[in-house]
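The residues making up each chain are set out below.
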Amino acid sequence: MARPRWPTTAAGRSPRHRAASRAGAPEHRLGPRCRAPHEERGATVQDQDHRWLRWPTEPARRRIAFGADYNPEQWPPHVWDDDVRAMRAAGLNIVSLGIFSWARIQPGADVWDFTWLDEVMDLLHANSIAVDLATGTASPPHWLTTKHPEILPVDHEGRTVWPGARQHWRPTSPVFREHALRLVRAMAERYGRHPALVAWHVSNEFGCHNAYDYSDAAAAAFRDWLRARYRSTAALNRAWTTAVWSQRYSDWAEILPPRWTGAGSQPNPAQRLDFLRFSSDALREHLRAERDLLRELTPEVPVTTNFMVAASVRAVDYARWAGEVDFVANDHYVVPGPQGLDELSFSANLTGNLAGGRPWFLMEHSTSAVSWQPINVAKRPGELARDSLTHVAHGADAVCFFQWRQSAGGAEKYHSAMVPHAGTDTAVFRAVCELGATLRDLARVAGAHRTPARAAILFDWESWWAAEQDPRPSDRVRYRQEALDWYTAFLDLGIRADVTPLDADWERYDLVVAPLLHMVPGGLAARLTVYAIAGGHVVTTYCSGIVDEHDHVWLGGYPGALCDLLGIRIEEFAPLLDDERAELDNGTTGTVWSDRIDLTDPATEVLARYRTGEQAGRPAVTRRPTGSGSAAYVSTRLGAGGVAAILDELAGRAGVTSELPPELRGAVELAVRGPHRFLINRTDRPVDVSAVAGAATILGPRAVIVVR
Ligand code: GAL
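Residues numbered from 1 in each chain as written. Predicted model: local features only at pLDDT ≥ 70, side-chain atom pairs only at ≥ 80, totals over all residues. Heavy atoms only, no water.

Quick notes on the side chain of Gln403
Here's step 1: Position of Gln403 among the secondary structure elements: in the loop between strand S9 (396–401) and helix H12 (427–441).
Here's step 2: Judged by relative accessible area, which is 1%, Gln403 ranks as buried.
Here's step 3: A polar contact of 2.7 Å, which involves the side chain of Gln403, links it to the side chain of Asn71.
Here's step 4: Apart from residues lying up to four places away in sequence, Gln403 is in contact with Ala68, Asp69, Asn71, Gln74, Ser416, Ala417 and Met418. (Helix = DSSP H or I, 4+ residues; strand = E, 2+ residues; numbered from the N terminus. Buried < 20%, exposed > 50% of the residue type's maximum accessible area, 1.4 Å probe, protein only. Polar contact = N/O pair within 3.5 Å; in protein donor to acceptor, adjacent residues only side chain to side chain. Contact = heavy atoms within 4.5 Å.)

Quick word on the packing of helix H10 (residues 340–354) against helix H14 (residues 479–493)
Here's step 1: Two numbers describe how H10 lies on H14: the axes approach to 10 Å, and their chain directions differ by 100°. Relative to H14, H10 is oriented roughly perpendicular. Of H14, the residues touching H10 (which contributes Asp342, Glu343, Ser345, Phe346, Ser347 and Asn349) are Arg480, Ala483, Leu484, Tyr487, Thr488 and Leu491.
Here's step 2: Class assignment for the residues of the contact of H10 with H14 results in five nonpolar, four polar and three charged. (Axes fitted to C-alpha atoms, helices over the stretch in contact; angles between N-to-C directions. Parallel < 35°, antiparallel > 145°, perpendicular 65-115°, else oblique. Nonpolar A, V, L, I, M, F, W, Y, C, P; charged D, E, K, R; others polar.)

Side note on the domain arrangement of the chain
Here's step 1: What the domain assignment lists for the chain is domain 1 (15–215 + 274–445), domain 2 (221–270), domain 3 (455–653) and domain 4 (663–707).
Here's step 2: Spacing between the C-alpha centres of domain 2 and domain 3 amounts to 31 Å.
Here's step 3: In this assembly, nine residues from domain 2 lie in contact with seven residues from domain 3.
Here's step 4: The junction of domain 2 with domain 3 conceals about 510 Å² of combined surface from both sides, 51% of it contributed by carbon and sulfur atoms.
Here's step 5: Counting every contact that joins domain 2 to domain 3 gives four residue pairs in polar contact (both at pLDDT 80 or more).
Here's step 6: For the side of domain 2 that touches domain 3, the secondary structure elements donating two or more residues are helix H7 (216–230), helix H8 (233–239) and helix H9 (269–297). (Domains from an automatic or database assignment. Buried area = accessible area lost by both parts, 1.4 Å probe.)

What to know about the packing of helix H11 (residues 383–393) against H12
Here's step 1: The contact between H11 and H12 brings their axes to 9 Å, and the two run at 30°. Put simply, H11 runs roughly parallel to H12. Regarding H11 and H12, the two cross each other, and that crossing is right-handed. On the side of H11, the interface is formed by Leu384, Ala385, Ser388, Leu389 and Val392, while H12 contributes Val428, Ala431, Val432, Leu435, Thr438 and Leu439.
Here's step 2: Its residues placed into classes, the contact of H11 with H12 shows nine nonpolar, two polar and no charged. (Left-handed = near helix turned anticlockwise from the far one by under 90°.)

Remarks on the side chain of Thr488
Here's step 1: Considering the arrangement of structural elements, one finds Thr488 in helix H14.
Here's step 2: Discounting residues that sit within four places of it in the chain, Thr488 has contacts with Gln339, Asp342, Ala640 and Arg682.

What to know about unusual backbone geometry
Here's step 1: A cis amide bond links Asp470 with the next residue in sequence, Pro471, at an omega value of -5°.
Here's step 2: Turning to its location among the elements, Pro471 is positioned in the loop between helix H13 (461–467) and H14.
Here's step 3: Pro559 follows Tyr558 through a cis peptide bond whose omega is -5°.
Here's step 4: Phi at Ser128 takes a positive value of approximately 60°, unusual for a residue other than glycine.
Here's step 5: Within the element layout of this structure, Ser128 appears in the loop between helix H4 (115–126) and strand S3 (130–134).
Here's step 6: Taking relative accessible area as the criterion, Ser128 reaches 43% and is therefore assigned partly exposed.
Here's step 7: Non-glycine residue Ala696 carries a positive phi angle of around 55°.
Here's step 8: Position of Ala696 relative to the elements: it lies in the loop between helix H18 (690–693) and strand S24 (698–699).
Here's step 9: The class of Ala696 is exposed, set by a relative accessible area of 69%.

Side note on the site of the ligand
Here's step 1: Residues in contact with the ligand, as listed here, are Phe100, Arg166, Asn204, Glu205, Asp331, Tyr333, Glu364, Trp372, Phe402, Glu412 and His415.
Here's step 2: Glu205 is positioned such that a nitrogen or oxygen atom in its side chain is 2.3 Å from an oxygen atom of the ligand.
Here's step 3: At 2.3 Å from an oxygen atom of the ligand is found a side-chain nitrogen or oxygen belonging to Glu412.
Here's step 4: Considering the ligand on its own, with 310 Å² of exposed area, one finds that the protein chains cover 96% of that surface.
Here's step 5: Its residues assigned to classes, the shell around the ligand shows four nonpolar, two polar and five charged. (Near = heavy atom within 4 Å. Areas by Shrake-Rupley, 256 points an atom, 1.4 Å probe, with all protein chains shown as cover.)

Here it is in structure tokens:
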């Protein structure tokens, strides 16, 4: 391997670099060095120092990063010059490079080809475009999988996940780890001092295609993980309730990942839950391995990886990952449908809170259609900017897309990009250029922290996993959808609400909603109770408080852990069939679930009763005052509209009100970053926002404005 060509002194730099740095000031790094990551559950970036991009060769000035995944290896070199010219025209200041370049950089075990990447790095730098450089380990090359098929994941039926797509690697494979770290070392040694480098981008979307591996390597690692968690097989047997169906283990070696047990069988749920936890942790181990090597070799360069805080992705417990990176980065793609924008806002909001309120990086979203949904709909005029700015409203200080130039072939040839197949003389590219100008104007916002709301929705990956795995009273229960419905209800009422991980410091909020809080580990019920007594207002829903962290049912009636706090008791679950509806006396209608509620505390109020169905006349929504706060329970799925009716009352009684004038509530989303208020038009019509933004201000359809 040739030595890197970029020494630290300007005199030795490449001609392109010298030209670019003539006008520049010394390298600038924001923020202090990072401390060691926290090990314990729920460590977030709140707990550690935060490092943002190390912008090169320019004086410190505020700006929002604007860019894309850049895949120049898909194009002949003459296109690269066109690329950077168009990037400059659009105002790009950063690209993520080399994400899927392993096979090109290392075409054989001992063959390296950096010449093309050297050229691209220099070209970008000469054009003042910074690089978030991938470690390149996301997709192993064929020579590696041919020589070492033991790095390929195995699915739960024992089928090998073969090369042919991407991300075909086991996080627990020592062989994969060795080869990946060799590449990381080569990248860091070659480009660690390159002036274009502003951050490391480890791998890509951990767990997107390789979240679960059931191979023998995974089995061995799973056993190690279990041994560290339970110490003895006796403790594991208790936790997994192996007395059921003769599943007792006498030796660690007998334990397997939850592999295929036959059609219609019901595998051990605690084993499956632990496997989900293990799988998230196993991927995190790989992230840590790459990150630690990067920190050793290039301690001054911040490290991130792109999360997938999104509707369809639940394999990674990001509450346990956020503290591992120097700054949080996220990829988000809009889900078409009536709640598409709300879901975007929900994900951005949660990402902002995973980032501890600090700025975060939108690493990928799309300019227009994606190519992996059943029907891939192009974005309508205005949506490109609105979607981007909604992320900024929730704390993003970077707006990046997948990808710069739309591929001409390969798996993603129909996925939109900043430069579409039709070229730069297009509406998409013009919208990109306009967005670049808008982001330049918005530089004043950069660095501002999210301002917490007074209400929060608590989000918990483990409740998501536990509520939706078999066995369950109803497979119609959807954790994230329920949380989203509450979020939509907040938006409809014009009340700002944070979406925050369960382990965050939520006692600061006046009102916390924990929808479908299915898993209540020991200690959480007490924490909620103390919060309520001290004046906090808790709201939870059907299917909550049912199991502890081992998926053991809290005995004594449902909602087990929360019975005392809520002042209610339920003897049997009463899920609804698909065609069943339960009408409530407040005019709303429940689906999916109902409960036969007994009140156990005379102080518990009934806010709504069932009017029809099995539970007619019985309580449907309750609220128990306790201390100077309260605890409310909603026993059926009301959907966003029904939730809004209840939430209006609950928020009002908690003293949490809208910050918007009545005429804007529902039409406009308000998000706040320091002194900056973002108004996001949730409708397809112009909205007069003069009351907030000053005389005669009309917010166009699908538009966003920022006011101080
Ligand atoms: C992401 C991935 C990108 C690209 C994009 C398309 O999941 O990181 O490489 O495939 O999806 O939407």
